[in-house]
Structure formats: structure tokens, C-alpha cells
Amino acid sequence: MWLTGRRWLSVLVPECLNLRRLSFAGTSGGHKGRMAETPSIEAEAASELRAPTQQNGDTGGHATDERTPGRPEPAGAGVEPAPGGGEQAPAAAPGPGKRKKRRGATGERIVPPPKKRRAGVSFGDEHFAETSYYFEGGLRKVRPYYFDFQTYCKGRWVGHSLLHVFSTEFRAQPLAYYEAAVRAGRLHLNEEPVQDLSIVLKDNDFLRNTVHRHEPPVTAEPVRLLAENEDMVVVDKPSSIPVHPCGRFRHNTVIFILGKEHQLKELHPLHRLDRLTSGVLMFAKTAAVSERIHEQVRDRQLEKEYVCRVEGEFPTEEVTCKEPILVVSYKVGVCRVDTRGKPCETVFQRLSYNGHSSVVRCRPLTGRTHQIRVHLQFLGHPILNDPIYNSVAWGPSRGRGGHIPKTDEELLRDLVAEHQAKQSLDVLDLCEGDLSPGLSDTIAPSSELGKDCLEELTASAQKMDGAVEAAPQDLDKMALAPGNATETDAVNKEMDPLCAECRLVRQDPLPQDLVMFLHALRYKGPGFEYFSPMPAWAQDDWQED
């Protein structure tokens, strides 16, 4: 019997790179596996579409403003090597009561057992060498590259054809794409090229899909080292860069930048920050140090201090907010104040006011995801440029006092509609393929957002973003031989005949559009204290454009 966890995102869909790391505990005779989601960063990438711990919910006290916008993405691509090294240990001879490996009748497909992967962060030189960076217009960009998504057959797929699975669960691409991928030799089942999508899947079948991967640009600001010793590495994370691979991001992440540019590998993140949040970010060099720091976090021995710029004139006296926070959607990564939520507490103190906005110091005493952002929204002073909690989708009062004149479903639809219009779904850690069938279903946004507002957003997006699609190729007529893809890759990895993203021309975001005014200023624990410089937008003389 195959035990499944929560919905795993499009592992085989090129545009939707939200992955889940899976660990399989095999049992003798039958290769039964238990699928477990691993939210650690030791392997990277996936979200329920944003499942908070970086998204929402209880982060164990050490991820105050992050979303697990994704779950960490698997290092290699999906299969885990044996513990302690890369290779599998030799199999012991079957003892009494143990079954021998079934060989199968002639012509029968043999299903291999799930492979194990060692615990811990396992990104290495072979992963860092997949592609390279280049810098343009104040942005760090990743050259497109080929990447293997790998997964074992999910329980609900057993007994169904690949054609059925692709047509019902991976609809971001037309079936013609998968048929062309078969002809190009990019789909493999148990390491054998798929010849026909009508093949029926079995328990523990192993699928591999080679895709052409594009990553969104991030700021060209460097990841600066604040401190390094035998136990830890501490950096000043720029806004817009995710901590670890998740969603569409892999190389444009702090983990990969440190490995590629600073030769710092096998790092264990001690906490995570939202992609748009900047500031102090700590890594342990060993699992033992990581466990020690996390124990201090659990014992509430870690002090955290953030700084932000908020709407309006924040009160001069110290303000403590103890409103409970509830997860609205793990998929989109949105929270709100609700009596059914988990208890949390944040202490705020105004530092300055320039006549329009205030700089506020924030001390989260608990560690719920988006805690600072949600509490500031509740107080009526959302972060000035927060793309989620200072959105018109929350209604006229934008969530002040917990007043949200719509259902959670309407709120999520309006948030998605707003960012679709702005072509900024990355803010929600979504891509277009993630919206089917749950979020975009051709359901009109609620009247609170308004047709005029949507038209205005769309017009603005067309001016600012301007994604232009070239003439699509006829995938039905495309007949790449299995060997041709490899030959093409060696010549030019940046263009791919099957890749829809290659046919899009997107206008780059402005570097200032990649910044949210929330910064991790200080982290302090037993025997250590680390500071990050105050950002420019938090200075007394800063003026809005």
C-alpha cells in the first residue's frame, strides 16, 4: 500500500518548479514505501504551492517572516543516495522469512525499489555547474539550462496510464508537449525511454522528465559575508533572493550563490527569510551545530530584531500585538488574524516618521510565518510596499483591525487575480500552471476587487512587463529523435524547441521593484550576536520616489 502525503506539485511540469523532497522508507519484500515531506533545507524545493513554514503556520519559532514558500528542492533532482555516501550499500543475503527479489516473467517490467538519499544538505559541484550567472541592468540572471525532475509513482497514479496522469494532473502543458517530449527522448520510466504515453504505471515506478528550465532574475546586489567561523556562516541577504531552491528558483538562491561564488557548501540554514526580506541570515556548517542552535530557538533563547517602513504615522509609544494568526492558504502562502489561529506576539517601536511613512523596529517573540507583516496589517500600518498584505485585494481597509469583507476563497482569488494582471505571480510563489484547477478556474474575482481596478492593473502590467510570445511551434509536427536533444544541448542550452518559456520575451523588473521594506537587523543567542547594516530606505532622510 502506498501512503501519500499532501498534494505534490507539478514535479513533471517545466513551468511549475515547486518540488517536494520525498523520503522513502522501504520494507523487505514488496518495496512498500512511505512518502514523507521534508521541510528542511537540506535538500530543496517545494511548496504546496506555498506551504508555510515559510508560508504560514508555526515555524517552530525560528522563521518569523518566511514562507515555506516552498519546500526545499531535492539536490540531485529527486533520487536520494544511500546514507553516508553516494552509493548504495550491498544488499544482504535474504535471511529466514525474507523474500527473494522477484525477477518477473519474460517481457514483464521490473519495478526497482525506491532509492534512499542521505540526510543533510547535499548540493555540490555537480549541481553548481549546471549553468552560470550573468549580470544585466542591475539584475543577476541565470542562463537557461536542462534539468531532470524525478519522482516515484504516486499512489493515485497506480493503474493509470501516463497519458491519464498528464491530462488530469499536469495540465500546464498541452498533451502535444508530452508527446513531443516522448519523441525527443526526454521522458523516462525506470531509466528506460518512454515509447508510448499509454503505458500503465505500477507502484514505485520511477519517472524522470528532462525540462528546459528558466529562472526569474533577482537583484545583482552581492550576498555579503558578515561573519564566518568553524561553526557558522552569517550573511547579509539581499531582498528578492530565496534562501534555498524553491519554486522556479534554484541557482538564483543564497545556497547556490554561496556555493558557486564563495565555495561554501554543505550549509544548514538556521532560519529562513522571505524571498523579499533582506538582512541577517545564519547557516551552520555541521548538523551538530544546527541542532544546538535549533534547541536554543525552541527554548526561546534567540532574540530577533527587524526594521521596516510602514504606511502612515505609527504611534510613538511601544505597541505590543498579541493577535493570533491563522493560515488562510498553504498553497498561496497567506495568513490573517483570527481567533482560531495560533498565539503570537510582536513588540513594535517607532524609530522615525517622515510625514508619510514610519520606520519601525520589530521584535517578534514568537515565530509564526509572516507574523510581522500580518500584525502590522492588523494595526493599520502595513509595510509600505508589501505586495500581499498591503494589497487592494483585502478590501477598502486593507485588513485593518481584522476587517476583511470577503470570504477566504474570495480573498485568495482576488490576490491571484491582482498578481496575474501584474504578471507578478512569483510574489505568491506561483506560476500559471499552479492555478489549475484550484485557483484560476475561470472564476471571476469578487466584486471587491472590481473590474475597473483589474483593467487598470492589466494596462499597467502591459506597459511595465510586456511579455510577448513569439509564434508558437507546432508540437505535433515536431519529431526530435531521442538522441537529438543531447546533441542540441551541447551546442546551445539556452534555446529549446519544446520550451514555451523560450518563446516569451519578458521585460525585466526594475531592481527597486524587487525590494520589500522589511530587514532582519539583528540576531542574538547564547555566545553570539550578529548585525546587518541599516538599509537605505530606513534612513531618516529617505524620501519616497
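Nothing here was measured: the structure is a model prediction, and the numbers come from that model. Position numbers for residues count from 1 along each chain, tracking the sequence in the order it is written. Local features are withheld for residues below a pLDDT of 70 in this predicted model, meaning they are given only at 70 or higher, and side-chain atom pairs are given and counted only at 80 or more; totals for whole chains, interfaces and linings count all residues. Note that water and hydrogens are dropped before the side-chain values are worked out from all heavy atoms of the structure.

Draft legend 1. Focus on the overall build of the protein chain. Helix numbers and strand numbers start at the N terminus; a helix is a DSSP run of H or I with at least 4 residues, a strand a run of E with at least 2. A tally of helices and strands in the protein chain yields nine helices and 25 strands. Exposed residues in this analysis have more than 50% of their type's maximum accessible area, buried residues have under 20%, and partly exposed residues fall in between, with area computed by a 1.4 Å probe over protein chains only. Across the 545 residues of the protein chain, 55% fall into the buried class. For this analysis, residues touch if any pair of their heavy atoms sits within 4.5 Å. Contacts in the protein chain between residues far apart in sequence, at least 24 positions, make up 71% of those at least 6 positions apart. Put simply, the protein chain shows about 23,300 Å² of open surface, and 51% of that area lies on carbon and sulfur atoms. A 1.4 Å probe and the Shrake-Rupley method give the accessible areas. Residues count as covered only by the protein chains that appear here.

Draft legend 2. How the structure looks around the packing of aromatic side chains. The rule is short: rings of Phe, Tyr and Trp, with Trp giving its six-membered ring, pair when the centres are within 6.5 Å, and they are stacked under 30 degrees, edge-to-face over 60, tilted in between. Counted according to the given criterion, the structure contains 15 aromatic pairs. On the basis of an interplanar angle of 90° and a centroid distance of 6.5 Å, the ring pair of Tyr-145 and Phe-147 is categorised as edge-to-face. Each member of the pair, Tyr-145 together with Phe-147, is buried. Distance and angle both matter: a charge sits over a ring if NZ of Lys or CZ of Arg is within 6 Å of the ring centre and within 35 degrees of the ring normal. Note that Arg-140 overlies the ring of Tyr-133, its terminal NZ or CZ placed 4.7 Å from the centroid.

Draft legend 3. Here's a closer look at the pairing of strand S7 (residues 145-152). Of all eight residues in S7, seven are buried, a share of seventy percent or more. When S7 meets strand S10 (residues 206-213), the two strands line up antiparallel, connected through eight bridges. By the bridge assignment, Tyr-152 is partnered in S10 with Phe-206. Two strands form a pair only when DSSP identifies at least two bridges running between them.

Draft legend 4. Seen up close, the pattern of salt bridges. The term salt bridge refers to a side-chain nitrogen of Lys or Arg lying within 4 Å of a carboxyl oxygen of Asp or Glu. This structure, assessed with the given rule, holds 28 salt bridges. Here Glu-169 and Arg-156 are joined by a salt bridge, their closest N and O atoms 2.7 Å apart. Taken as a pair, Glu-169 in helix H2 (residues 162-169) and Arg-156 in the loop between S7 and H2 lie far apart in primary sequence, 13 residues in all. Here Arg-156 falls in the partly exposed class, since its relative accessible area comes to 40%. One salt bridge in this structure joins Glu-501 and Arg-248, with 3.6 Å as the shortest N-O distance.

Draft legend 5. Spotlight on the UniProt feature "active site" (unreviewed entry) in the protein chain. Following the UniProt record, the feature "active site" (unreviewed entry) maps to Asp-274 here. In this structure, Asp-274 sits in the loop between strand S14 (268-269) and strand S15 (278-284). Judged by its relative accessible area of 5%, Asp-274 is buried. UniProt positions are given in the numbering used here, feature names are shortened, and annotations may be inferred rather than shown by experiment.

Draft legend 6. Structural context of the nonpolar core. Within the largest apolar cluster, 97 residues are counted, with the highest numbers of intra-cluster contacts made by Met-282, Phe-283, Val-334 and Phe-348. When sequence neighbours within four positions are dropped, the list of residues in contact with Phe-283 reads Asp-231, Met-232, Val-233, Val-235, Val-243, Val-254, Ile-255, Leu-258, Leu-267, His-268, Pro-269 and Leu-270. Residues grouped as a nonpolar core are buried Ala, Val, Leu, Ile, Met, Phe, Trp, Tyr and Cys residues, joined through side-chain atoms within 4.5 Å.

Draft legend 7. Seen up close, the sheet that holds strand S8 (residues 187-189). Across the sheet, four strands lie side by side as S7-S10-S8-S9; this open sheet has antiparallel pairing. Two strands in the sheet have a free side with no partner beyond their single neighbour: S7 and strand S9 (192-193). Judged from the two bridges that link them, S8 and S9 form a sheet pairing that is antiparallel. Note that in S9 the partner of His-188 across the bridge is Pro-193.

Draft legend 8. Summary view of the sheet that holds strand S5 (residues 133-136). With antiparallel pairing, the three strands of this open sheet are ordered in space as S5-S6-S11. Taken across any chain shown, the strands that pair with only one partner, and hence form the sheet edges, are S5 and strand S11 (218-219).

Draft legend 9. Region of interest: the side chain of His-271. Along the polypeptide, His-271 turns up in the loop between S14 and S15. With relative accessibility at 1%, the residue His-271 sits in the buried group. Throughout this description, a polar contact denotes any pair of N or O atoms lying within 3.5 Å of each other; where both atoms belong to protein, one of them has to be capable of donating a hydrogen while the other can accept it, and for residues adjacent in sequence the pair is counted only when both atoms sit in side chains. At 3.1 Å, the side chain of His-271 and the backbone nitrogen of Met-282 are in polar contact. One polar contact links His-271 to Tyr-523, side chain to side chain, over a distance of 3.3 Å.

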